[in-house]
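# Residue-level structure breakdown
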Amino acid sequence: MRWWDIEPVYVLEKELFPDDAWSRGMFWSELSHARGPQATRRYVVATDGDRLVGYAGLASGGDQADVQTIAVAPSHWGTGLGSRLLTDLLSAATAFECAEVMLEVRVDNTRAQKLYERFGFEPIGFRRGYYQPGNVDALVMRLTDPSTSVQGTDTHG
C-alpha cells in the first residue's frame, strides 16, 4: 500500500465497516511506519484490473505482531483473496521475527473467524465493546509461530 492507495482503500473501508471505519488519517499514520530500515508495519493492497478489491495490514513490536486489518470486497469473497492477504501478513510477521501474531475480530464476523482458524489462530478471550460506536465485542485470537502457519492453507478464503 502506498499513499495513492489511501483513497480507494478508504472507500472500501467505509463500504465494509460503515460503523467503525478507519479514517484516512489512520491509514496515513500506519503507512508512515511501513517503509525504510526501521519499518514496523506491512500494508498491502490487491487489485483486479484498476480496481482495488482488498487490503491488509500488520504492525510488529518486539516478538509480537498484530493483524491491524484485512478487507476484501464482497465481489471477491470466496476467491481465496483473504487467504492470500493473510499469508502475506504472516510472512511479514516471520520477517519481523515475531514469535506470535494477535488479532481482534468482531464476534459477529464468522467468515473472518473461520479464515483465521484455518491458519491456526486460536481464540484466547474477548474485548467487550471494542468496536465503537456499535459497542460490538471483539474475539481476541492468537497464532503462535507464524512461520509454520502458511503451509496448510487453502485458497477458499
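Just so it is clear, the model here is predicted, and its values are computed rather than measured.

## Description of helix α1 (residues 6-16)
Among the residues making up α1, those that are buried are I6, V9, Y10, L12 and E13. Viewed end-on, α1 has its buried residues packed into an arc of 165 degrees, placing them on one side of the element. Packing partners of the buried residues in α1 comprise α2 (24-31), β1 (41-48), β2 (51-61) and β3 (64-72).

## Structural notes on the packing of aromatic side chains
Given two aromatic rings, their pairing is described by the distance between the two centres and the angle made by the two planes. Here the structure, examined in full by the defined rule, presents 5 aromatic pairs. Seen from their ring centres, W3 and W4 are 5.5 Å apart, and the 80 degrees between their planes marks the pair as edge-to-face. In this structure W3 comes out as exposed when scored by relative accessible area, which is 53%. Judged by relative accessible area, W4 falls into the partly exposed class, the value being 47%. Connected via pairs of aromatic rings, a cluster forms that spans W22, F27 and Y55.

## Describing a nonpolar patch on the surface
On the surface, a nonpolar cluster with roughly 410 Å² of combined accessible area is contributed by W3, W4 and W28. Tracing the backbone shows W3 in the segment before α1.

## Observations concerning the nonpolar core
Ranked by internal contacts, the top residues of the largest apolar core, which has 40 residues, are L86, V101, Y116 and F121. Counting residues per element, this core draws most heavily on helix α3 (residues 81-95), which supplies 7 residues.

## A few points about the sheet that holds β3
Taken in spatial order, the 6 strands make up an open sheet running β1-β2-β3-β4-β6-β5, and their pairing is mixed. Each of the sheet's edge strands pairs with one partner strand only, and the pair in question is β1 and β5 (122-131). Within this sheet the neighbouring strands show an average axis-to-axis angle of 25 degrees, counted without direction. With 8 bridges connecting them, β1 and β2 associate as antiparallel partners. The partner of T47 across the bridge, within β2, is L52.

Conventions and cut-offs
- Per chain, residue numbering runs from 1 following the sequence as it is written.
- The model is predicted, so local features are restricted to residues of pLDDT at least 70 and side-chain atom pairs to those at 80 or more, both for listing and for counting; the totals for chains, interfaces and linings are taken over all residues.
- Note: side-chain values were computed over all heavy atoms of the structure, leaving out hydrogens and water.
- Relative accessible area decides the class of each residue, using a 1.4 Å probe on protein chains only: under 20% of the type maximum gives buried, over 50% gives exposed, and in between gives partly exposed.
- Under the scheme used here, helices are H or I runs from DSSP no shorter than 4 residues and strands are E runs no shorter than 2 residues, and both carry numbers assigned from the N terminus.
- Of all possible arcs, the one meant is that of the directions from the helix axis to the C-beta atoms.
- It only takes one pair of heavy atoms within 4.5 Å for two residues to be counted as in contact.
- Here is the rule: rings of Phe, Tyr and Trp (six-membered ring for Trp) pair when centre to centre is within 6.5 Å. Planes less than 30 degrees apart are stacked, more than 60 are edge-to-face, and the remainder are tilted.
- Like charges are joined within 9 Å and nonpolar side chains (Val, Leu, Ile, Met, Phe, Trp, Tyr) within 5 Å, but only among residues with over 30% relative accessible area and no salt bridge; these make up the patches.
- Every accessible area reported is derived by Shrake-Rupley at a probe size of 1.4 Å, with residue values counting cover from the shown protein chains alone.
- The rule for a salt bridge is simple: a side-chain nitrogen of Lys or Arg has to be within 4 Å of a carboxyl oxygen of Asp or Glu.
- By convention a nonpolar core is built from buried Ala, Val, Leu, Ile, Met, Phe, Trp, Tyr and Cys residues, the set being connected through side-chain atoms within 4.5 Å.
- Two strands are counted as paired when DSSP detects at least two bridges linking them.
- Helix axes are fitted to C-alpha atoms over the stretch in contact, other axes to C-alpha atoms as well, and angles between N-to-C directions run from 0 to 180 degrees.

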